[in-house]
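The primary structure of each chain is shown beneath.
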2 protein chains.
Amino acid sequence: MKPSIPKGTRDFGPAEMQKRQYILDIVRNNFELFGYQPIETPSMENITTLTGKYGDEGDKLIFKILNSGDYLSGDYLKDIGFGIEEFTRFYENWKVNKTGDTSLSELLDHKALLPYISEKALRYDLTVPFARYVVMNQHQITFPFKRYQVQPVWRADRPQKGRYREFYQCDADVIGSDSLINELDLISLMDKSFRELNVPVIIKFNNRKILSALAEVINEPSKIIDITVAIDKLDKVGKDGVNKELSEKGISAKAIETLQPLLEFKGDNSQKVEVLRKLVGNNEEGKKGIEEIEYLLNNCNLSFARIELDITLARGLNYYTGTIFEVKANAGTFTPSILGGGRYDDLTGIFGLKNMSGVGISFGIDRIYDVMEELNLFPDHVSKVSSTKLLFAHFDLDTQKHCLKLAARLRENNISCEIYPDVTKKLGKQFEYADKKNIPFVCTVGGDEIASQTYSFKNMTSGEQKKLSLNELIDELNKNRDDI
Amino acid sequence: MKPSIPKGTRDFGPAEMQKRQYILDIVRNNFELFGYQPIETPSMENITTLTGKYGDEGDKLIFKILNSGDYLSGDYLKDIGFGIEEFTRFYENWKVNKTGDTSLSELLDHKALLPYISEKALRYDLTVPFARYVVMNQHQITFPFKRYQVQPVWRADRPQKGRYREFYQCDADVIGSDSLINELDLISLMDKSFRELNVPVIIKFNNRKILSALAEVINEPSKIIDITVAIDKLDKVGKDGVNKELSEKGISAKAIETLQPLLEFKGDNSQKVEVLRKLVGNNEEGKKGIEEIEYLLNNCNLSFARIELDITLARGLNYYTGTIFEVKANAGTFTPSILGGGRYDDLTGIFGLKNMSGVGISFGIDRIYDVMEELNLFPDHVSKVSSTKLLFAHFDLDTQKHCLKLAARLRENNISCEIYPDVTKKLGKQFEYADKKNIPFVCTVGGDEIASQTYSFKNMTSGEQKKLSLNELIDELNKNRDDI
């Protein structure tokens, strides 16, 4: 059997793990510096917790888990009213088509059967599980509650570059506060994190209130989601594509005409604000949106990132109601969205807790990784796979056993080391192992060394060799701690 | 809708996360000190990778993932030869029983249908995915390969205390070396880790070669798995229970009689070795097993843990072939197995890579957590939920905005802080928030403070208040870094 892994999934070897850990450490450290506290939620949620939160498209991409045991024991046929008449009709049809020409789908509808055979699903993002967590723990939580969460999510998307079926999200959200200081603080958090990662970025933002206002202005308030989804595709399908989709969704030609300045305008942030101001006119929600946009533009402190008001930024997820964020790399050829987020006024409402405004962002560390690889942004000490600091080489069972004691002393001094695990007189093979694994020092332990309590110590980079006692060896390695 | 989570799963809040992280940090640090390198594998594996590796019981406990889209599109009925005759028979039966009395299971067999609707499953442990990884990456890996892996696994077990449907495993394995130095090094790793966790433990071990030898000695070599499974239950069902099960499996009364010294003997490690020596007699594999056991007993260096040869330790998993390990807490009332492991001579063979002996251990950090909670073993600084170090309190939008700049400076100095997110003149509410969240310092920023560039600074524990410049504030907090 030739082994493989499911498409859209990946293994991470030691070299990739080290780079991923580098990104995660920077992001996590900043989450903590900004006052977010960690939580984790289960990989599986009840299906009812997840469905209906991500739109129809999203629902299809949720991975469902088959009930364990006899998952077919539910009374599906009875419940769908598949009685003797339906059965007879199906049977007559079957007789005509003969065996093999009738697929199971004729008898069974996969959508109707689903609730009978699956009750759990893999989480699709970290935001809905967070909302569920907040509602379940509302009496223990001090609000406003700032939490961060770093866990994988799963989506049955068609795999392609930068799109995986299992990937990590790193989310920071604050819930229970509608103050825009939270948005400003999140902008600082993004700016500081990408500065430390050294990834040049544009922080794009917009405000959903503008989109709602526009839907009202063009007299299509009920089509706000269709409009959002269509505009969200501007990058992919261009202006004509968006107009075509708007038209297909039944938006009038006049309304589409009104929206054109939005789709066409190029200019700086303050010019864009003026375009929006004209578009929304006296619409109250629109005026509020513009006020919020101006507040963020006037008060954000950036040390590294560029910020850009993107008046066509829409973001697909249904639950956003105010500011929306998206970050893209500002260099290289691979520039997918590497962070997304926004404000939601009623995420916990669906679970019974009303009036909880929240705002959050989600770092897409898999894509940040891809961007950093393309732009060669990992520092040298991260790019080179680290390993243990020292290998003990030896000649036989007795000298190997002695290494165990030496290794214990080194490890107590927080120096990583390993003992060549096989017994062989061939020193060359042991040095070759150190070489292949980038182990920078080798200590050779023979009978003479044990007797004299001084050991041969070789720097694999410089080739330098010396004899050292165990204490001298520890000093030497501590001295070299930062060099390697 | 009242939200809930699937049974056997858990949320972890900030307090639990901090304790879990404490355990994980200690274990991970030791993995690295001992020369293990990190990898991660996907949560989902192809079902064919997992089935048949954990015995029939294990296979049932694997969580299967429903194919996405129309998961019923496969030609199940055709493939199982459900032709017109079978259908007619089913139809006649249906007519008699009428609608609703016939369950879907009569037409559909869940076991036969499974391959048509599910191709992926959640990993059941980290060892089989590791073997799969090694085989797929064999040409890039330097052997012997020492890897560690810290990820959740899923089992559809009946939930109970200490048994969850999603739990973390922390595995360290070395593959490509059959030297017993690896077992000795793993014993040191366990000893050092549990010492640092301060969990009193007994490291129990045995050797599967003894069990194989005994199966030969009693002339039941083909029943080695039945014998292993039965003996493994000694703790739960007692000697009589084991004997009953052996008898039910067709082991002769005489053979069972021969095994009795194994089940009954109490004594120290060297006395147990003598019992085994008598039992295995001249059996070559048995003699090899005893030699290995003695090597470990004579050469292990322990600083904290007790080691005990447990001649009835069997461990259920099929793939072990040599040393087997199990660790239990040596105090308290809750003493499940908190670590397991052993040597396997041919784990990668099933994936086409022969002659790769390996040995590894798996820390059960969820149970270690439960034991540490019961015994109250978490240090104070871990038991108390930490938070940000400082809260900025303020009076209005302008003073709040000023806090953003101060916060940025603190964070650049690696001091975590947050700004009270709502705008309120009520200072009391802001101090209450700091109090509830255990934030040790509050800095109040009003108009006077901004003008004078000195800020009110309160130590929430001592109640002490003073006025400080930003630089003095940073010094003060750095000075207090270790106190809190």
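Residues numbered from 1 in each chain as written. Chains lettered and ligands numbered in written order. Predicted model: local features only at pLDDT ≥ 70, side-chain atom pairs only at ≥ 80, totals over all residues. Heavy atoms only, no water.

1. A closer look at the overall build of chain A
When helices and strands are counted, chain A shows 21 helices and 16 strands. In terms of overall size, chain A is more extended than a compact globule, its C-alpha atoms giving a radius of gyration of 30 Å where 484 residues would be expected to give roughly 23 Å. Classification of the 484 residues of chain A by burial places 59% in the buried group. Considering only contacts within chain A whose residues lie at least 6 apart along the sequence, 70% involve residues at least 24 apart. As presented, chain A carries roughly 19900 Å² of accessible surface, and 47% of it is formed by carbon and sulfur atoms. Charge-centre separation for chain A: the mean point of 64 positive side chains lies 3 Å from the mean point of 71 negative side chains. (Helix = DSSP H or I, 4+ residues; strand = E, 2+ residues; numbered from the N terminus. Rg over C-alpha atoms; globule rule 2.2 N^0.38 Å. Buried < 20%, exposed > 50% of the residue type's maximum accessible area, 1.4 Å probe, protein only. Contact = heavy atoms within 4.5 Å. Areas by Shrake-Rupley, 256 points an atom, 1.4 Å probe, with all protein chains shown as cover. Lys, Arg positive; Asp, Glu negative; His and termini not counted. Charge placed at Lys NZ, Arg CZ, Asp CG, Glu CD.)

2. A short note on the pattern of salt bridges
Applying the stated criterion to the full structure yields 69 salt bridges over all chains. Residue Glu308 of chain A pairs with Lys272 of chain A through a salt bridge whose shortest N-O separation is 3.9 Å. With a gap of 36 residues between them, Glu308 of chain A in strand 8 (residues 306-309) and Lys272 of chain A in helix 14 (residues 269-280) connect regions that are remote in the sequence. The two residues Glu308 of chain A and Lys272 of chain A agree in class, both being buried. The salt bridge partner of Arg343 of chain B is Glu183 of chain B, with a shortest N-O separation of 2.7 Å. (Salt bridge = Lys/Arg side-chain N within 4 Å of Asp/Glu carboxyl O.)

3. Digging into the domain arrangement of chain A
Each assigned domain of chain A is listed with its residue range as follows: domain 1 (14-52 + 122-375), domain 2 (67-117) and domain 3 (385-479). Between the C-alpha centres of domain 1 of chain A and domain 3 of chain A there is a distance of 52 Å. (Domains from an automatic or database assignment.)

4. As for the sheet that holds strand 7 (residues 201-207) of chain A
Residue and element names in this part refer to chain A. Pairing is mixed across the open sheet formed by 8 strands, whose spatial order is 1-5-6-11-10-9-7-8. Only two strands of the sheet have a single partner each, and these edge strands are strand 1 (37-38) and strand 8. Two elements, strand 7 and strand 8, share 4 bridges in a ladder whose sense is parallel. Counted as the bridge partner of Lys204 is Glu308 from strand 8. (Pairing = 2+ DSSP bridges.)

5. Points about the interface of chain B and chain A
In this complex, chain B contributes 119 residues to the contact, which on the side of chain A involves 120 residues. At the junction of chain B and chain A, the tally comes to 8 salt bridges. Asp11 of chain A is paired through a salt bridge with Arg132 of chain B; the nearest N and O atoms lie 2.6 Å apart. Inspection of the region where chain B meets chain A yields 32 residue pairs in polar contact (both at pLDDT 80 or more). (Polar contact = N/O pair within 3.5 Å; in protein donor to acceptor, adjacent residues only side chain to side chain.)

6. Overview of helix 13 (residues 253-264) of chain B
All names here are of chain B. Across its 12 residues, helix 13 extends 16 Å between first and last C-alpha, which sits within 8% of the 16 Å expected from 1.5 Å per residue. The complete set of buried residues in helix 13 reads Ala255, Ile256, Leu259, Gln260, Leu262 and Leu263. Viewed along the axis of helix 13, the buried residues span an arc of 165 degrees, placing them on a single side of the element. Relative to its buried face, helix 13 has exposed residues pointing more than 90 degrees away, namely Lys254 and Glu257. Next to the buried residues of helix 13 lie helix 10 (208-217), helix 11 (224-232), helix 12 (234-248) and helix 14 (269-280). (Expected span 1.5 Å × (residues − 1). Arc of directions from axis to C-beta.)

7. Notes on helix 15 (residues 284-299) of chain B
All names here are of chain B. The first and last C-alpha atoms of helix 15 sit 23 Å apart over 16 residues, in line with the 22 Å expected at 1.5 Å per residue. Of the positions making up helix 15, those classed as buried are Gly286, Gly289, Ile290, Glu292, Ile293, Tyr295, Leu296 and Asn299. Between a side-chain oxygen at the N-terminus of helix 15 and the backbone nitrogen of Glu285 the separation is 3.0 Å; the capping residue is Asn283.

8. Some details on the state of the cysteines
Applying the stated criterion across every chain, the model contains 0 disulfides over all chains. Here Cys170 of chain B stays unpaired: no disulfide links it, and the sulfur of Cys170 of chain A, its closest cysteine neighbor, is 19 Å away. Here Cys300 of chain B is not disulfide-linked; the sulfur of Cys403 of chain A is the nearest cysteine sulfur, at 17 Å. According to the relative accessible area criterion, Cys300 of chain B is buried, its value standing at 15%. (Disulfide = S-S within 2.5 Å.)

9. A look at the packing of aromatic side chains
Under the counting rule described, the total for this entry stands at 25 aromatic pairs over all chains. For the ring pair Phe194 of chain A and Phe363 of chain A, a centre distance of 5.5 Å and an interplane angle of 35 degrees mean the geometry is tilted. Placement of Phe194 of chain A in helix 9 (residues 181-197) and of Phe363 of chain A in strand 11 (residues 358-364) is noted, with a sequence separation of 169 residues between them. Pair check on accessibility: Phe194 of chain A and Phe363 of chain A agree, each one buried. Here the guanidinium or amino end of Arg10 of chain A rests over the ring plane of Tyr164 of chain A, the centre of that ring lying 3.3 Å away. The ring of Phe12 of chain B carries the charged tip of Arg20 of chain B above its face, separated from the ring centre by 3.8 Å. (Phe/Tyr/Trp six-rings, centres within 6.5 Å; stacked < 30°, edge-to-face > 60°. Lys NZ or Arg CZ within 6 Å of the ring centre and 35° of its normal.)

10. Focus: unusual backbone geometry
Cis geometry marks the peptide bond from Phe143 of chain A to Pro144 of chain A, where omega comes out at -10 degrees. Phi is positive for Asn355 of chain A, close to 60 degrees, though the residue is something other than glycine. A relative accessible area of 73% places Asn355 of chain A in the exposed class. The phi dihedral of Asn198 of chain B falls on the positive side, at around 65 degrees, and the residue is not glycine. With respect to the helices and strands, the residue Asn198 of chain B is situated in the loop between helix 9 (181-197) and strand 7 (201-207). Judged by relative accessible area, which is 42%, Asn198 of chain B ranks as partly exposed.

11. Some thoughts on the pairing of strand 12 (residues 390-394) of chain B
Regular strands have side chains that alternate between both faces of the sheet. All names here are of chain B. For strand 12, a buried count of 5 out of 5 residues is recorded, marking the element as mostly surrounded by other parts of the structure. Pairing between strand 12 and strand 13 (residues 417-419): 3 bridges, direction parallel. Within the sheet, the bridge partner assigned to Phe392 lies in strand 13 and is Ile419. Traced from strand 12 through helix 18 (residues 397-412) to strand 13, the parallel crossover comes out right-handed. Two elements, strand 12 and strand 14 (residues 441-445), share 5 bridges in a ladder whose sense is parallel. Looking at the pairing, Leu390 lines up with Phe441 of strand 14. (Right-handed = clockwise from strand over helix to strand, strands pointing away.)

12. Examining the sheet that holds strand 10 (residues 337-344) of chain B
Residue and element names in this part refer to chain B. Strand order in the open sheet formed by 8 strands is 1-5-6-11-10-9-7-8, and the pairing between neighbours is mixed. Each having just a single partner strand, strand 1 (37-38) and strand 8 (306-309) make up the two edges of the open sheet. Bridging between strand 9 (residues 323-329) and strand 10 involves 5 bridges; their strand directions are antiparallel. Opposite Glu326, over in strand 10, you have Gly340 as the bridge partner. Contacting strand 7 and strand 9, helix 10 runs over the sheet at an angle of about 40 degrees to strand 7. (Axes fitted to C-alpha atoms, helices over the stretch in contact; angles between N-to-C directions.)

13. Re the relation of the copies chain B and chain A
With an RMSD of 0.1 Å, chain B superimposes on chain A once it is rotated by 180 degrees and translated 0.0 Å along the axis. Here the two chains are linked by the operation of a two-fold rotation axis. Minimal C-alpha distance to the rotation axis in chain B is attained by Ile65 of chain B, lying at 2.2 Å. Residue by residue, 100% of the interface of chain B is reproduced at the interface of chain A, so both copies engage with the same surface. (Least-squares fit on C-alpha atoms with pLDDT ≥ 70 in both.)

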